[in-house]
Each structure stands twice: as structure tokens, then as C-alpha cells.
Amino acid sequence: MQVATERLNFYRISAASGMLGGVLAVVFNLLHPRSNDIVQGGRGELELIAGSDIWRLDHVMLGLGTALIFIGIIGVALSMFGTSADTWARAWLIFTTVAASILLVTLALDGGPMKTLADQWANGGKDAGAFAAANALMEINSGLLGASIALLFGVAPLLLGMAVMSGGGYPKALGQVALVGGALGLLDALLLAFQGFTKLSVLILFPITSVLSTIVLTWAAWELWTKNQPIRTTTAARTDPPVTPGL
């Protein structure tokens, strides 16, 4: 009974973390400064970053949201272990661990050193040395962003969708939305790889696919929360295994 209760508490905590992280991620994703300057890159992007008063805060909150969502992902994945979706769930958890790590590194570089270099360039007469350093970091961030989109918003939702559709105990509609979001994420990653930053890839597809993926994960966390209600102190509760799928 003690093990079952501790396991149940973990699922509820991870579900709550996933929902809270999802809200933070959606809100600060929508608040993230975006304009044609990002598409143009170079000086335009540096001016946008230097002129933003919420750039650091936005990236810190996006990082926090990502970390909280990942706690929710662990709970959702574990709840599908032992079901017909076991293999897909394990693949999703392992893959998402790597993908989320890359995104956190991207957010850290973009929100910290990138902002510092942009401010130094804008406030230091816009000299060539500061611009070269900032531009080099922008190129690194661009590559990391493309990888993050392909992995976390492309392949990872596809794996989640396959897990749900295989019978992981979650609504089929959730799996279908995850598959659509993953397909859009891969499309966006391919456009970035072959065309670079464009209005379609950066200002349209990326906000859509990132918000959609976050909504899917928040939805999954809500489902995990609702199916893991406190155990009643009854004979059945003391002897029966937890009701969570896969346990």
C-alpha cells in the first residue's frame, strides 16, 4: 500500500508539473519577441534582442516551463510502461530526454550570452568585433534551434502519438493531435535546414508547432492527473494494484 501511494503521489506531482510547465511555456512562447528582424538575421536580429526588455526573463521562464514539462513527460511515459504501448513509450522518454536537453542549452545561450553580446554591440558603437562575436553565436543558436525543432517538436510528438495510438491508456484524439504536431515540426525543421530563416518557418510554423506540442503535453499531463486520484482507504484499495495503466 505504501509503495502504491508513493507511486500515485509521484504521478500526481508529475502531472501537476507538466500542466504548470505547459501554461508557462505557452504564455512565454507567445510573449517571445518576434518580427521580420529575426528572419533577416544579423544586425536586425541583434537590434531586436538589444531592444527587448523581457528577453532574459522570457528565456528563463521558457527554460523553467521546459523543465516542468519534462517532469510531466516522465510521469506520462512511466504510466504507459507495461501496456501495449511500452516500447513506444520507452523510446519517447529516452528520445525526449536528449531533445529537451538540447532545447535547454539553446534557451540558455539565447537568453544569456546572446543578450549580453547584443547589448554590448548596441551600446558600444556597433563595432565590427562585437558584431562578429554575436553573429557567430547566432549561427550556433540557429543550428541548435533547428535540431530542437526536429527532435522535440518533430520526432518526439510522433513517438508520443504512436504510443497513444498503440493503446497506452490515453485518448486516441491526443495521439492524433500529437502526430499532426510532429509532422508540422518535421516540416518546419526541413524548411529551416534547406531555406534558412524565413517568415513561414520562423514566424508561422514554429509558433504553431511549438504551441501545439506544448498543448499536447499539457493535455497528457491532465489525463495523467485525472486517472490518478487519491486511493480510498478500503479493502480493495489495500489489496488491488494501482489503477494506472502499466503498473
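Residues numbered from 1 in each chain as written. Predicted model: local features only at pLDDT ≥ 70, side-chain atom pairs only at ≥ 80, totals over all residues. Heavy atoms only, no water.

S.K.: I keep staring at helix α9 (residues 199-226) and nothing clicks. Help me out?
M.R.: Because an α-helix packs 3.6 residues into every turn, residues spaced three or four apart end up facing the same way. In this model, α9 (28 residues) spans 39 Å end to end at C-alpha, consistent with the 40 Å of a helix rising 1.5 Å per residue. A maximum bend of about 45° is found in α9 at L205, where proline P207 lies one to four positions downstream. (Helix = DSSP H or I, 4+ residues; strand = E, 2+ residues; numbered from the N terminus. Expected span 1.5 Å × (residues − 1). Bend = angle between axes of the 7 residues up to and from the residue.)

S.K.: Looking at this model, I keep getting lost on the nonpolar core. Mind explaining?
M.R.: Soluble globular proteins tend to bury their nonpolar side chains together. Counting 25 residues, the largest nonpolar core has V76, M80, W92 and L160 as its most contacted members. For this core, the element with the most residues is helix α7 (residues 128-165), which contributes 5 residues. When sequence neighbours within four positions are dropped, the list of residues in contact with L160 reads M80, W92, L174, A178, V216 and L217. One finds L62, A99, I149 and F153 within the second-largest nonpolar core, a separate group that totals 15 residues. (Core = buried A, V, L, I, M, F, W, Y, C linked by side-chain atoms within 4.5 Å. Buried < 20%, exposed > 50% of the residue type's maximum accessible area, 1.4 Å probe, protein only. Contact = heavy atoms within 4.5 Å.)

S.K.: Got a minute to help me understand the side chain of S213 in this structure?
M.R.: Along the chain, the position of S213 falls in helix α9. Polar side-chain contacts of S213 include one of 2.9 Å to the backbone oxygen of T209. Other than its neighbours up to four places away in sequence, S213 contacts F153 and P157. (Polar contact = N/O pair within 3.5 Å; in protein donor to acceptor, adjacent residues only side chain to side chain.)

S.K.: Before we go on, may I ask you to explain the pattern of salt bridges in this structure?
M.R.: Here the idea is simple: oppositely charged side chains can pair when their charged atoms come close. Taken as a whole, this structure holds 2 salt bridges when the rule is applied. Between R90 and D86 there is a salt bridge; the shortest N-O distance is 2.5 Å. Of this pair, R90 and D86 both sit in helix α5 (residues 86-111), separated by 4 residues, roughly a single helical turn. Its relative accessible area of 17% is what places D86 among the buried residues. A salt bridge links K115 to D119; the shortest N-O distance between them is 3.3 Å. (Salt bridge = Lys/Arg side-chain N within 4 Å of Asp/Glu carboxyl O.)

S.K.: Explanation requested: the packing of aromatic side chains in the structure shown.
M.R.: To describe a pair of aromatic rings, you give the distance between the ring centres and the angle between the ring planes. Per the counting criterion, the structure on display carries 3 aromatic pairs. With a centroid separation of 6.3 Å and 45° between ring planes, the pair formed by W121 and F131 is classed as tilted. Residue W121 is located in helix α6 (residues 113-123), and its partner F131 is located in helix α7; the two are separated by 10 residues in the primary sequence. Looking at R43, its charged tip hangs above the ring of F131, at a distance of 4.7 Å from the centre. Sitting over the ring of F81, R90 keeps its end group 4.1 Å from the ring centre. (Phe/Tyr/Trp six-rings, centres within 6.5 Å; stacked < 30°, edge-to-face > 60°. Lys NZ or Arg CZ within 6 Å of the ring centre and 35° of its normal.)

S.K.: What is the right way to read a nonpolar patch on the surface from this model?
M.R.: On the surface, V23, V27, L31, I54 and L57 cluster together to form a nonpolar patch covering roughly 410 Å² of accessible area. Here the nonpolar patch gets 3 residues from one element, more than from any other, and that element is helix α1 (residues 2-31). Summarising the element assignment, V27 is placed in helix α1. (Patch = residues over 30% accessible without salt bridge, like charges linked within 9 Å, V, L, I, M, F, W, Y side chains within 5 Å. Areas by Shrake-Rupley, 256 points an atom, 1.4 Å probe, with all protein chains shown as cover.)

S.K.: Where do I start with the packing of α5 against α7 in this structure?
M.R.: Each pair of packed helices can be summarised by the angle the axes make with each other and by the distance between the axes. Running from N to C, α5 and α7 cross one another at 155°; their axes reach a closest spacing of 8 Å. Between α5 and α7, the angle is such that the two are roughly antiparallel. For the crossing formed where α5 meets α7, the hand is left-handed. Residues belonging to the contact of α5 with α7 are distributed by class as follows: 24 nonpolar, 4 polar and 1 charged. (Axes fitted to C-alpha atoms, helices over the stretch in contact; angles between N-to-C directions. Parallel < 35°, antiparallel > 145°, perpendicular 65-115°, else oblique. Left-handed = near helix turned anticlockwise from the far one by under 90°. Nonpolar A, V, L, I, M, F, W, Y, C, P; charged D, E, K, R; others polar.)

Everything listed here is a matter of geometry and, on its own, says nothing about what the molecule does.
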